[in-house]
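Single-letter residue listing:
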Amino acid sequence: MMKEQIVFEDNHLIVINKNVGQLVQGDKTGDESLLDSIKNYIKIRDQKPGNVFLGLVHRIDRPTSGLVIYAKTSKALSRLTQMIKNREIKKTYWAVVAKNDIAQSQRLVHYLKKNEKNNKASVFTKVTDGAKEAILTYTILKTLDRYLLLEIDLETGRHHQIRAQLSKHGVPIKGDLKYGSPRSNTDGGIHLHARKLEFIHPVTKENIEIIAPLPKGDAIWAACE
C-alpha cells in the first residue's frame with residue numbers, strides 16, 4: 001500500500017500521494033499517521049537496525065488528498081522548512097466545487113482568523129485584528145453537470161485557506177460540511193487534492209516537478225481527468 005503512494009523518493013526526501021482520511025502526523029486521535037507508516041515502511045524495506053529519521057515539511061488537512069513532502073535527512077528538513085517559509089515551493093491544488101456563476105479566473109484576497117475551539121477559519125474581506133492575509137488565484141479548468149473543477153495556486157499558506165476562501169466566494173468544496181457544502185462525501189473526505197509541487201531540490205539543486213494522480217474509484221474525480 002505505502003509503495004503505491006510514493007510518487008518521488010531519493011536519499012534526501014520522499015513525497016507521498018496522501019489518501020483521504022490519512023493523518024500527515026500524529027494527533028490527539030491516536031490514529032496511525034503517515035509519518036509513522038513511512039518510517040515503518042523504510043525500516044523494513046531498507047532493513048534499518050536503528051530509528052529512521054523522517055521530518056514533516058508541511059501539512060495538508062486530513063480530509064484532503066494529494067502531495068506531502070517528508071525529509072529523510074536533517075539537512076533536507078531544515079532547508080525545505082526554510083523554503084516553505086520563503087514561499088519557494090509552488091503548490092497547485094485541484095478542487096471540485098459547487099457550480100456557481102463566478103469569473104473564469106480570479107485572485108482572491110481575504111483575511112483569516114483561526115478559531116481553535118471549532119478548528120475553523122473565519123473569513124474577513126478587510127484587514128481585521130488577529131487575522132492573517134490569505135491570497136490564492138483560481139482558474140476554472142472544467143465545467144461538470146453540477147460542479148466546477150478549479151485549479152488553485154496558493155500565495156500564502158493559512159489554516160484551511162482554500163476551503164475558507166472558496167466558501168466565502170460562494171463555491172464551497174464538495175463534501176466540506178465545515179465550510180458550507182450541503183452534503184458530506186461517503187468517505188468522509190472533501191474534493192480537494194494537492195495536485196502539483198514545483199521546487200528546486202534542497203541538496204541537488206535540480207528542478208523538481210511532481211504531479212499526484214487523482215484519487216481512484218471516485219466518479220467525480222474520474223470526470224475531471
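As for helix H2 (residues 34–45)
A rise of 1.5 Å per residue sets the reference length of H2, with its 12 residues, at 16 Å; its end C-alpha atoms lie 16 Å apart and thus fit the reference within 8%. Among all positions of H2, only Leu 34, Leu 35, Ser 37, Ile 38 and Ile 42 are buried. Buried residues in H2, looked at end-on, bunch into an arc of 165 degrees, giving them a common side. Where H2 is buried, its residues contact helix H1 (2–5), strand E2 (13–18), strand E3 (55–56) and strand E4 (65–71). A positive phi of about 50 degrees marks Gln 47, the residue just after H2.

Re the pattern of salt bridges
Using the criterion set out here, one finds 11 salt bridges in the structure. Of the charged contacts in the structure, one is a salt bridge between Asp 61 and Arg 163, with a shortest N-O distance of 3.1 Å. Linking Asp 61 in the loop between E3 and E4 with Arg 163 in helix H4 (residues 161–168), this pair joins segments that are 102 residues apart in sequence. On the basis of relative accessible area, Asp 61 is assigned to the partly exposed category, the value being 24%. With relative accessibility at 6%, the residue Arg 163 sits in the buried group. Residues Arg 163 and Asp 176 are paired through a salt bridge, measuring 2.8 Å at the closest nitrogen-oxygen approach. Separated by 13 residues along the polypeptide, Arg 163 in helix H4 and Asp 176 in the loop between H4 and strand E10 (192–200) bring together distant segments of the chain.

Focus on the layout of surface pockets
A probe matching the size of a water molecule, rolled over the atoms, marks out where space remains unfilled. What the second largest pocket holds in volume is close to 420 Å³. Along the wall of the second largest pocket there are 21 residues; nearest its centre are Asn 17, Asn 19, Leu 214, Pro 215 and Lys 216. Where the lining of the second largest pocket is concerned, the elements lending two or more residues are H1 and E2. A class-by-class count of the residues in the lining of the second largest pocket yields 8 nonpolar, 8 polar and 5 charged.

A few points about the environment of Pro 172
With respect to the helices and strands, the residue Pro 172 is situated in the loop between H4 and E10. On the basis of relative accessibility, which here comes to 14%, the residue Pro 172 falls in the buried class. Along the primary structure Pro 172 and Phe 124 are separated by 48 residues, whereas in three dimensions their C-alpha atoms are 16 Å apart. Look past the residues within four positions of Pro 172 in its chain and what remains in contact with it is Val 96, Val 97, Ala 98, Leu 166, Ser 167, Tyr 179, Gly 180 and Ser 181.

Comments concerning empty space enclosed by the protein
Under the criterion given, the structure shown has 1 cavity of 30 Å³ or more. Of the pockets and cavities examined, the largest cavity occupies roughly 40 Å³. In terms of lining, the largest cavity is formed by His 58, Leu 67, Lys 91, Thr 92, Tyr 93, Ala 194, Arg 195, Lys 196 and Leu 197. When residues of the lining of the largest cavity are traced back to their parent elements, those giving at least two are strand E5 (90–98) and E10.

Description of the environment of Asn 100
Take Asn 100: it is sitting in the loop between E5 and strand E6 (105–115). In sequence terms Asn 100 and Glu 9 are 91 residues apart; their C-alpha atoms lie 40 Å from each other. Excluding residues that lie within four positions of it along the chain, Asn 100 makes contacts with Leu 148, Gly 170 and Val 171. Here Gly 170 takes part through its backbone oxygen, which lies 2.9 Å from a polar atom of the side chain of Asn 100.

Criteria and thresholds
Residues numbered from 1 in each chain as written. Predicted model: local features only at pLDDT ≥ 70, side-chain atom pairs only at ≥ 80, totals over all residues. Heavy atoms only, no water. Helix = DSSP H or I, 4+ residues; strand = E, 2+ residues; numbered from the N terminus. Expected span 1.5 Å × (residues − 1). Buried < 20%, exposed > 50% of the residue type's maximum accessible area, 1.4 Å probe, protein only. Arc of directions from axis to C-beta. Contact = heavy atoms within 4.5 Å. Salt bridge = Lys/Arg side-chain N within 4 Å of Asp/Glu carboxyl O. 1 Å grid on protein atoms, 1.4 Å probe; cavity = no way out; pocket = protein on both sides within 12 Å on 5 of 7 lines; lining within 4 Å. Points joined across faces, edges and corners; volume = space filled by probe spheres on them. Nonpolar A, V, L, I, M, F, W, Y, C, P; charged D, E, K, R; others polar. Polar contact = N/O pair within 3.5 Å; in protein donor to acceptor, adjacent residues only side chain to side chain.

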